[in-house]
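Coordinate analysis (summary)
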Amino acid sequence: MANEDLGRTLLRLRRLASLTQEGLAERSGVAVDVIRHLEQGPKHSARLPTLHALANGLGVELTTLLGDPPAVASTGESDGPRFVAVRRAIMPALWKQEPEPVPGLSPGRLRDQIAEGWTQYHSAEFDTVMKVLPDLISDARSATASSDEDDRRGAFAALGKVLQLAGHVAVRMGKTDLALISLERAIDAAEQSSDPLLVPVIVNSTAWTYQRQGRLEDALSVALRAADDLLNAGRTDTADGLKVWGALTMSAATSAARSGHYERAAAMMETAEKEAARVAKLPDAGDNRMVSVFSPSSVRIERVRLAVQYGHPQDALALAKGMRLSKDTPPSWRTWLLLDVARAHTDIGDAAGAVKTLESLRRVAPTWMQHHTLAVAIVRDLWTLPNHPPGLRPLAEFLGVSE
């Protein structure tokens, strides 16, 4: 694959990890000459296995190394007017007037609108989400000025969820520092709500953002602490509480694996998989769009991801074989599974299997595929082969990498 910014990104991530070129070479198994050439510019390309190894050595997601595409239409700009409006909504100007109640603003309708925003996010409709986010944040802030105690606490819950959504969008835009600001404000709002699960839900998003920044120790510690707090408070006796605990445990496992503690990560995932079987047997009191994703399907998807990321593509394919995803599995999670299966096929040299998997992804989640850097990376990797497997050209044209 080719990437003009690869060298610059590699240099920045290596310095953040306090690694010399030789240190990264030792951790990743990639020759120091390859790293030097990538950083200095003469070499602007590397094959996918090399990029996997470098990402693992740096302790970051592969997409962090590749650089996420803008979560907007291809004609848009990451700091265009629409995103500036989101930024202003997250961080209002100094001395801005305190919010006042809005007559006729329905807390139930506001919650439904925020839940729909999450549905759109999981369907990769980022441009649509950014259109509505500023008004949703403004309405939620206004609702917190209610004189009714129950309505006010409900409004703070809504504000927490919409700021969490804004944080996720900021991550997709590559603005992780802004995402952390939004998530910290989301936690402040959640602490003033009556929802005991909302803070740990947002903490999980914070841990994910730390992962994106390569702050693996921070990501691991906050996820484990929040998961332990849920257990100690007896919050895992409902489906919603168990989902939040499970998502935090999977997040901690991912951070542990990226830090090189594979056995610890595997133990966490085994525990999560056993507990996931209890979800369907417990009382379900919430809107699935507003709580963490955790089920036997999501655990298996995460196990596939860890296997392929850490050099066990055959195990990944075995885990994925015959999987039946639950109906509430979001499109984003289905996308990750198919991408990881395609990666596994690529790693074992099965180009035809990779193309077949990517064709399935294009059918079920075309928008996500276009927004996901990894899909482009896999197709570019396959495009460099001397013999193109059937079906590769339409995929390359769809992603704009066939020139």
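In short, a report on the structure. (Residues numbered from 1 in each chain as written. Predicted model: local features only at pLDDT ≥ 70, side-chain atom pairs only at ≥ 80, totals over all residues. Heavy atoms only, no water.)

1. Topic: empty space enclosed by the protein
The full count for this structure, using the stated rule, is one cavity of 30 Å³ or more. Volume-wise, the largest cavity comes out at about 50 Å³. Lining the largest cavity are His52, Ala55, Asn56, Val60, Glu61, Leu62, Arg258, Gln309, Tyr310 and Arg343. Residue composition of the lining of the largest cavity, by class: four nonpolar, three polar and three charged. (1 Å grid on protein atoms, 1.4 Å probe; cavity = no way out; pocket = protein on both sides within 12 Å on 5 of 7 lines; lining within 4 Å. Points joined across faces, edges and corners; volume = space filled by probe spheres on them. Nonpolar A, V, L, I, M, F, W, Y, C, P; charged D, E, K, R; others polar.)

2. Details of helix 15 (residues 296-309)
With 14 residues, helix 15 ought to run about 20 Å at 1.5 Å a step, and its terminal C-alpha atoms sit 20 Å apart, in line with that. Burial runs high along helix 15: 11 of the 14 residues are buried. Of the residues making up helix 15, those classed as buried are Ser297, Ser298, Val299, Ile301, Glu302, Val304, Arg305, Leu306, Ala307, Val308 and Gln309. (Helix = DSSP H or I, 4+ residues; strand = E, 2+ residues; numbered from the N terminus. Expected span 1.5 Å × (residues − 1). Buried < 20%, exposed > 50% of the residue type's maximum accessible area, 1.4 Å probe, protein only.)

3. Section: the packing of aromatic side chains
Evaluation of the coordinates by the stated rule reveals four aromatic pairs. When the ring of tryptophan 118 is compared with that of tyrosine 121, the centres are 5.9 Å apart and the planes differ by 75°; the resulting orientation is edge-to-face. Highlighted residues: tryptophan 118 and tyrosine 121, both in helix 7 (residues 107-122), separated by three residues, approximately one helical turn. Put simply, the rings of Trp118, Tyr121, Phe126 and Trp368 pair up and form one aromatic cluster. Here the basic side chain of arginine 305 rests over the ring of tryptophan 336, its NZ or CZ set 4.8 Å away from the ring centre. Looking at arginine 362, its charged tip hangs above the ring of phenylalanine 398, at a distance of 4.1 Å from the centre. (Phe/Tyr/Trp six-rings, centres within 6.5 Å; stacked < 30°, edge-to-face > 60°. Lys NZ or Arg CZ within 6 Å of the ring centre and 35° of its normal.)

4. Some details on the pattern of salt bridges
This structure, assessed with the given rule, holds 13 salt bridges. In this structure, aspartate 218 engages arginine 215 in a salt bridge whose closest nitrogen and oxygen atoms are separated by 3.0 Å. On the basis of relative accessible area, aspartate 218 is assigned to the partly exposed category, the value being 32%. Of the charged contacts, one joins arginine 305 and aspartate 340 as a salt bridge, the two residues approaching to 3.6 Å between their closest N and O atoms. Residue arginine 305 is found in helix 15, and its partner aspartate 340 is found in helix 17 (residues 331-347); the two are separated by 35 residues along the sequence. The exposure class assigned to arginine 305 is buried, which follows from its relative accessible area of 13%. (Salt bridge = Lys/Arg side-chain N within 4 Å of Asp/Glu carboxyl O.)

5. Brief notes about the packing of helix 8 (residues 126-143) against helix 9 (residues 149-172)
The relative placement of two packed helices is expressed as an angle between their axes plus a distance between the axes. For the pair helix 8 and helix 9, the least separation of the axes is 9 Å and the interaxial angle reads 150°. Here helix 9 runs roughly antiparallel to helix 8, going by the angle between their axes. Crossing of helix 8 against helix 9: the hand is left-handed. In contact with Phe126, Val129, Met130, Leu133, Leu136, Ile137, Ala140, Arg141 and Ala143 of helix 8, helix 9 contributes Arg152, Ala155, Ala158, Leu159, Val162, Leu163, Leu165, Ala166, Val169 and Arg172. (Axes fitted to C-alpha atoms, helices over the stretch in contact; angles between N-to-C directions. Parallel < 35°, antiparallel > 145°, perpendicular 65-115°, else oblique. Left-handed = near helix turned anticlockwise from the far one by under 90°. Contact = heavy atoms within 4.5 Å.)

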